[in-house]
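Coordinates in review
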Amino acid sequence: MAQLLQHLINGLAAGTIYALVALGYTMVYGVLKLINFAHGDVMMVGVYMGYATAFALGRDMRSSLLGVAVVFAVAMLGCALLGFFIERFAYRPLREKPRLTALITAIGISFALSYGFQLDLGFLPGAAPRAFPEVIEPVEWLVIGDRDVVVWNWQVISFGIAVALMVGLQYLVFRTRFGRAMRAVSWDHRVAALMGIPTDRVIALTFMLSSALAAGAGLLYAIKDTSVSPLMGLYVGLKAFVAAVIGGIGHVPGAVVGGLVLGLVEEFVVGYAASTWRDAVAFGFLILVLLVKPGGLFGRVAAEKV
Amino acid sequence: MRRLAPMLLAALAVMVAACEKKTQPAPSGEGGTQAAQGQGAAPGGAPADANTILLGQVGSLTGGQATFGISTRNGIELALKEANAAGGVKGKKLSIRVYDNQSKPEEAAQAATRLITQDKVALILGDVASSNSLAMAEKAQAAGVPMITPSSTNPTVTDKGDYIFRVCFIDPFQGFVMAKFARENLKLNTVAVLQDNKSAYSIGLAEVFTRKFTEMGGKVTAVESYSQGDTDYRAQLTAIRKSQPEGIYVPGYYSEVGIIARQAREVGLKVPLMGGDGWDSEKLFELGGSAIEGSYFSNHYSPDNPDPRVQKFIADYKAAYGAVPDALAALGYDSARVAVNALERAKDLSGPSVRDAIAQTKDFPGVAGTVTLDAQRNAVKSAVVLKVEDGKTQYVTTINP
């Protein structure tokens, strides 16, 4: 029983991060019908920005509340800027080209980032994985029995940050003028343009938003697993993409549910079956969902596309 | 928009040019200058000129195990520099061409093919990870180019054929060393195993450890696995904790082991971790922090060895690269010196002659133990067990075959 609870906590911790990254995939897919394969690598860049900031702040400063806020702010703003440039110079020129062209470009950017960050250029930390500084000093908040169940402060804080980001996004998309513009562009960007919506600006902002979310998710991930490496984006990005597809890509709450489901499925497979089966079951689950509901759990027929 | 297209094109051209440059060998030290000259004489990676002997190395300079390839390259470079300073081989200077395999077997095979067909090297050195060496061995054997792997310990590597050698011991021995150490020195009765299912090396060590430990009267309580690149091992560790072992055998690479150690402590596992030479990297201490303290691993050499030859190597290496050499640097150094020694003894530089010369290597004094190659082309030598203490390794004991 205690073990079940521990697995549940671990699974939720992993799931919220998948969910946050999946949100970025889903938002960009919503407005552009583009699967932004560089998303995971933008996340990786964000983690390195946070890494550099945390070191610049020094040991005492970075674990204070203000320090944490600065680390997150720098990484999220930096990534928003990166997202803006990627969209402006890589995707926008290809907007009217066949969709495949943009997809290949996305894969190209993904590789350029993940392998570029392994180069020995002095200001980059190089190819080997690095320990991520303890931005949030780990404290056990709840211990049941002989350490049968342990809940750490960062697990609760991460969960809180993730939920806050999701709620904020939901508000932005469904309650603001910008959100309405986004939804309009997602329906049909040509018609939206005819109605006077500045589609280029909406798309650029969507990219910046999704990249900032990725940076936030990446930092939570790095805090959880205490490491950062140039290839982390590829793995997390792939998993989050699966989560987005399970939930129904283009659907905001779907991405959240998909991420949580994937995190829990993985955790329970490893905990109760064999760890070798983890990826097989995770991807098998994806196939199963697509067989039964080709549009993902929440379907693409849903009216609320973003 | 229109004006943007030529700009992008220009940017692309620059990027392509940059990539082009990157694939060329990195010039390094004296050997590097020779490589550049060889290239000047015949551009496009043609064989070396009459005054140089060209060797090739394929290593993981980027990717998950980057420090392995870099350490090995430094060790090899140092050995060749010394050989050149001493007059080279057969009156010729030695130079080396190094290719990166991004820690991937596909890339390793491609790089090996390139060394063989384009650069026409006399001999190939590399790689560390057994999966990469296996991919290279296939190409080297087919082409009849001798290959020495400095530190791939999976037994199947040298099974590829009579052109493939190694200057280190093999996995069954490492698994045996840790099983014996756990049973006799640590007096453990129950151990859980956590292996990396993506690595032939890890699976090999885990298999032998499990068999030997059970034969010696111990019990393996759980066998769990992960994949290289994972960063969350809490599920496996929670399951291992339930089986209540007195130790955990984690024969993986430093990049994962450091994080595993942290998470093991986090889920409440306080027992020592044990592993193999894949742990050997400065990064282990950074990634593992205080969680890795008190853990043990088997290795090829210890920098604490008072042998003057070892101490001279350490001093030279420190002077050149500013760090204490790890075992992979030591084995890289040994592999290059064994190669130089064989090239000297070979009657000419053809594949078969060099192969025969390497095969006759006997009692060669390396910095990571004395190298004698057996009939299976494996080095027979002892292993050391190291303990992690205060963020560095401490010599514990030597275990003989």
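Refer to the structure above for everything that follows.
Throughout what follows, the structure given in this document is the object of discussion. Everything numeric here is computed off the predicted structure, so don't read it as measured data.

1. As for the environment of B:Ala137
Inspection of the secondary structure assignment puts B:Ala137 in helix α5 (residues 130-143). When the C-alpha atoms of B:Ala137 and B:Val257 are compared, they prove to be 28 Å apart, with 120 residues separating the residues in sequence.

2. Considering the side chain of B:Asp171
All names here are of chain B. Note that Asp171 resides in helix α7 (residues 171-185). Within the local environment of Asp171, its side chain forms a polar contact with the side chain of Thr153, the two groups lying 2.5 Å apart. Every residue in contact with Asp171, bar those within four places of it in the chain, is listed here: Thr153, Asn154, Pro155, Tyr201, Gly204 and Leu205.

3. Concerning the interface of chain B and chain A
With 41 residues of chain B in contact, the opposing surface of chain A contributes 37 residues. Roughly 3,100 Å² of surface becomes buried between chain B and chain A when both sides are summed, with 51% attributable to carbon and sulfur atoms. Here A:Glu134 ties to B:Arg262 by a salt bridge, and the two come within 3.6 Å at their closest N and O atoms. Counting across the chain B and chain A interface gives 10 residue pairs in polar contact (both at pLDDT 80 or more). Only α1 (4-23), α3 (66-85), β7 (219-226), α9 (234-242), α10 (254-266) and α11 (283-288) of chain B provide two or more residues apiece to the side of chain B that touches chain A. Taken together, the residues that form the side of chain B that touches chain A break down as 11 nonpolar, 15 polar and 15 charged.

4. Some thoughts on the pairing of strand β6 (residues 190-196) of chain B
Residues and elements named next belong to chain B. Summarising burial for β6: 7 of the 7 residues are buried, a large majority. The sheet contact formed by β6 and β7 spans 6 bridges and is parallel. For Val193, the partnering residue across the bridge sits in β7 and is Val223. Between the parallel pair β6 and β7, the chain is carried across by helix α8 (residues 200-215), and the sense of this crossover is right-handed.

5. Concerning the packing of aromatic side chains
A complete count under the given rule lists 24 aromatic pairs over all chains for this structure. With centroids separated by 6.0 Å and ring planes inclined at 10°, the aromatic side chains of A:Phe85 and A:Phe89 adopt a geometry described as stacked. Placement of both A:Phe85 and A:Phe89 in helix α4 (residues 65-91) is noted, with a separation of 4 residues, approximately one turn of the helix. Taking the centre distance of 5.2 Å and the plane angle of 85° together, the rings of B:Tyr226 and B:Tyr233 count as edge-to-face. A residue is classified by how much of its surface remains accessible, and B:Tyr233, at 0% relative accessible area, is buried. The rings of A:Tyr48, A:Tyr51, A:Phe55, A:Phe117 and A:Phe132 are connected pair by pair, giving a single aromatic cluster. Cation over ring: A:Arg88 sits above A:Phe89, and NZ or CZ is 5.6 Å from the ring centre. Between the NZ or CZ atom of B:Arg355 and the centre of the ring of B:Tyr163, over which it lies, the distance is 4.8 Å.

6. Structural notes on the environment of B:Asp316
Residue and element names in this part refer to chain B. Within the secondary structure layout, Asp316 lies in helix α12 (residues 308-321). A relative accessible area of 26% places Asp316 in the partly exposed class. Dropping the residues within four chain positions of it, Asp316 is found in contact with Leu78 and Glu82.

7. Considering the sheet that holds strand β14 (residues 392-399) of chain B
Residue and element names in this part refer to chain B. Strand order in this open sheet of 7 strands is β7-β6-β8-β9-β10-β13-β14, and the pairing throughout is mixed. In this open sheet, the two strands that pair with only one neighbour each are β7 and β14. Between one strand and the next, the sheet's axes are offset by a mean angle of 25°, whatever the strand orientation. Judged from the 2 bridges that link them, strand β8 (residues 247-249) and strand β9 (residues 273-275) form a sheet pairing that is parallel. Bridging across to β9, Ile248 finds its partner in Leu273.

8. Some thoughts on the nonpolar core
Formed by 84 residues in total, the largest nonpolar core has its most connected members in A:Leu20, A:Leu23, A:Tyr91 and A:Phe132. The leading source of residues in this core is helix α1 (residues 2-32) of chain A, at 13 residues. Apart from residues no more than four positions distant in its own chain, A:Phe132 is found in contact with A:Val47, A:Gly50, A:Tyr51, A:Leu219, A:Ala222, A:Ile223, A:Thr226, A:Ser227 and A:Val228. The next biggest cluster of nonpolar side chains, apart from the first, holds 58 residues, and it includes B:Val250, B:Val257, B:Leu287 and B:Ala383.

Thresholds applied
- Sequence order sets the numbering: in each chain, residues are counted from 1 along the sequence as written.
- Chain letters start at A and ligand numbers start at 1, both assigned in the order the entries are written.
- Local features in this predicted model are restricted to residues whose pLDDT is 70 or higher, and side-chain atom pairs enter the listing and the counts only when it is 80 or higher, whereas totals over whole chains, interfaces and linings include all residues.
- Neither water nor hydrogens contribute to the side-chain values; these are computed over all heavy atoms in the structure.
- Helix numbers and strand numbers start at the N terminus; a helix is a DSSP run of H or I with at least 4 residues, a strand a run of E with at least 2.
- Two N or O atoms count as a polar contact when they lie within 3.5 Å, although within protein this holds only if one can serve as hydrogen donor and the other as acceptor, and sequence-adjacent residues are included solely when both atoms are side-chain atoms.
- Only heavy atoms matter for contacts: two residues are in contact if any of them lie within 4.5 Å across the pair.
- Accessible area that two parts lose when put together, evaluated with a 1.4 Å probe and summed over both, is termed the buried area.
- Salt bridge, as applied in this entry: a Lys or Arg side-chain nitrogen positioned within 4 Å of an Asp or Glu carboxyl oxygen.
- We call Asp, Glu, Lys and Arg charged. Ala, Val, Leu, Ile, Met, Phe, Trp, Tyr, Cys and Pro are nonpolar, and the rest, Gly among them, are polar.
- Each residue's exposure class comes from its accessible area (1.4 Å probe, protein chains only) as a fraction of the maximum for that residue type: buried when under 20%, exposed when over 50%, partly exposed otherwise.
- Strands are labelled as partners when DSSP assigns at least two bridges between them.
- If the strands point away from the viewer and the path from the first strand over the helix to the second runs clockwise, then the crossover is right-handed.
- Each aromatic pair joins two rings of Phe, Tyr and Trp (for Trp, the six-membered one) with centres within 6.5 Å, and gets the label stacked for planes under 30 degrees apart, edge-to-face for over 60, and tilted for any other angle.
- Put simply, a charge is over a ring when the Lys NZ or the Arg CZ is close to the ring centre, within 6 Å, and near the line of the ring normal, within 35 degrees.
- Between N-to-C directions, angles span 0 to 180 degrees; the directions come from axes that are lines fitted to C-alpha atoms, helices contributing only their stretch in contact.
- For the purposes of this section, nonpolar cores are sets of buried Ala, Val, Leu, Ile, Met, Phe, Trp, Tyr and Cys residues that join through side-chain atoms within 4.5 Å.

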